[in-house]
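Structure at a glance
Here's the letter readout for the chains.
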Amino acid sequence: MLEMIMLGSGSGGNACLVRNEDTLLLIDAGFSGAEIRRRMELVGYHPDDLEACLITHEHGDHIKGASILSKRHKVHLLMHPATKRAGHRKLSGSERIRHFEMNEVMQLGSLQVTSVPTLHDSASSTGFLVESDGVCFGYLTDLGAVTEDNFLKMRNADFMVMEANHDRDMLWNGHYPPHLKARVDSRVGHLSNDDSAEFIAMLSELGHLKGVMLAHLSEKNNKPEIALETVRKRVDGPIDIYIAQQGQSAEPITVEKK
Ligand SMILES: [Zn+2]
Ligand SMILES: [Zn+2]
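The notes below deal with the structure included here. From a predicted model like this one, the values you see are computed outputs, not experimental measurements.

Calculation rules
Residues numbered from 1 in each chain as written. Chains lettered and ligands numbered in written order. Predicted model: local features only at pLDDT ≥ 70, side-chain atom pairs only at ≥ 80, totals over all residues. Heavy atoms only, no water. Pairing = 2+ DSSP bridges. Helix = DSSP H or I, 4+ residues; strand = E, 2+ residues; numbered from the N terminus. Axes fitted to C-alpha atoms, helices over the stretch in contact; angles between N-to-C directions. Contact = heavy atoms within 4.5 Å. Donors = N, O, S within 2.8 Å, 3.2 Å for Na, K, Ca; no water. Tetrahedral: all angles 85-135°; square planar, octahedral: opposite > 155°, others 65-115°. Buried < 20%, exposed > 50% of the residue type's maximum accessible area, 1.4 Å probe, protein only.

Attention shifts here to the sheet that holds strand 11 (residues 159–163). Strand order in the open sheet formed by seven strands is 7-8-9-10-11-12-13, and the pairing between neighbours is mixed. Strand pairing shows two members of the sheet lacking a second neighbour, strand 7 (105–108) and strand 13 (240–243), which therefore form its edges. Between one strand axis and the next, the sheet turns by 20° as a mean value, whatever way the strands run. Both strand 12 (residues 211–215) and strand 13 contribute to a ladder of four bridges, which runs parallel. Bridge assignment links Val 212 to a residue of strand 13, and that residue is Ile 241. Here helix 8 (residues 193–206) sits on the sheet in contact with strand 10 (135–140), strand 11 and strand 12, set at roughly 160° to strand 11. Together, strand 12 and strand 13 form the strand contacts of helix 9 (residues 224–234), whose direction differs from that of strand 13 by roughly 160°.

Right, dumping it as structure tokens:
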């Protein structure tokens, strides 16, 4: 059994639970400690239950509540050494921190986690592949482009959280200043609906992928229905598509083979 519960996603904060029968992990802690605890309790969990919290990168919407979770609830934080160095202002130094290297396979309780390097304008940026009993869950958000390695790592994923940040027309016709538009659209910015759809379609053609949750949608440069439509149009065959919300948790999703 492998289950994921998206606690919330977007530039205002990201946090996602993944669990099997005996191990509970949090990926990213981008809300306040109190808000993460509140959202966890709403779905029947508590930060004290966490085996560990994996941090993708040092941006505030992914690390904001990490320090308090570690200090108040004794949660081990797992991050790349460069994330710790770059995130030092958001960490006091007294947290329980363990490091991982890129492409490292970690055993966390009874879950196996592989760190996957991603392209993003942070000191280090990581996606994760979580496996339990041959079922695979992929988590890729905050990436300007996908790499061949991303594809190879995720090729056996049964379910994925995948960034679909912006609609390119909305971004370029919108009100962001030019430098910010260029940053978002760059290879180390955020993933467009089109690029997300292309990646999902490629994975889907391999035949394993049962579903995706589109994540980190921009509130200014995207709309859930546009993201959904872009992916639906590009992907052949049946695939479950969910949209992560910023303001509230999603229903738990069982990750299983197609
Ligand atoms: Zn982010
Ligand atoms: Zn980021």
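On to the coordination of the zinc ion (ligand 1). Ideal geometry at a metal centre gives angles of 109.5 degrees when four donors are arranged tetrahedrally and 90 or 180 degrees when six donors are arranged octahedrally. Taken together, the protein donors to the zinc ion (ligand 1) comprise Asp 61 (OD), His 62 (NE2), Asp 142 (OD) and His 216 (NE2), at separations of 2.1 to 2.3 Å. In this structure, the zinc ion (ligand 1) is coordinated by four donor atoms arranged in irregular fashion, with angles at the metal of 87 to 160°. Read N to C, the donor residues that coordinate the zinc ion (ligand 1) are spaced as D-H-x79-D-x73-H. Taken as a pair, the zinc ion (ligand 1) and the zinc ion (ligand 2) show a spacing of 3.6 Å, with Asp 142 coordinating each metal. On the criterion of sequence distance, the pair formed by Asp 61 in helix 2 (residues 60–63) and Asp 142 in the loop between strand 10 and helix 5 (148–154) is long-range, its members being 81 residues apart. On the basis of relative accessibility, which here comes to 13%, the residue Asp 61 falls in the buried class. A relative accessible area of 1% means that Asp 142 is categorised as buried.

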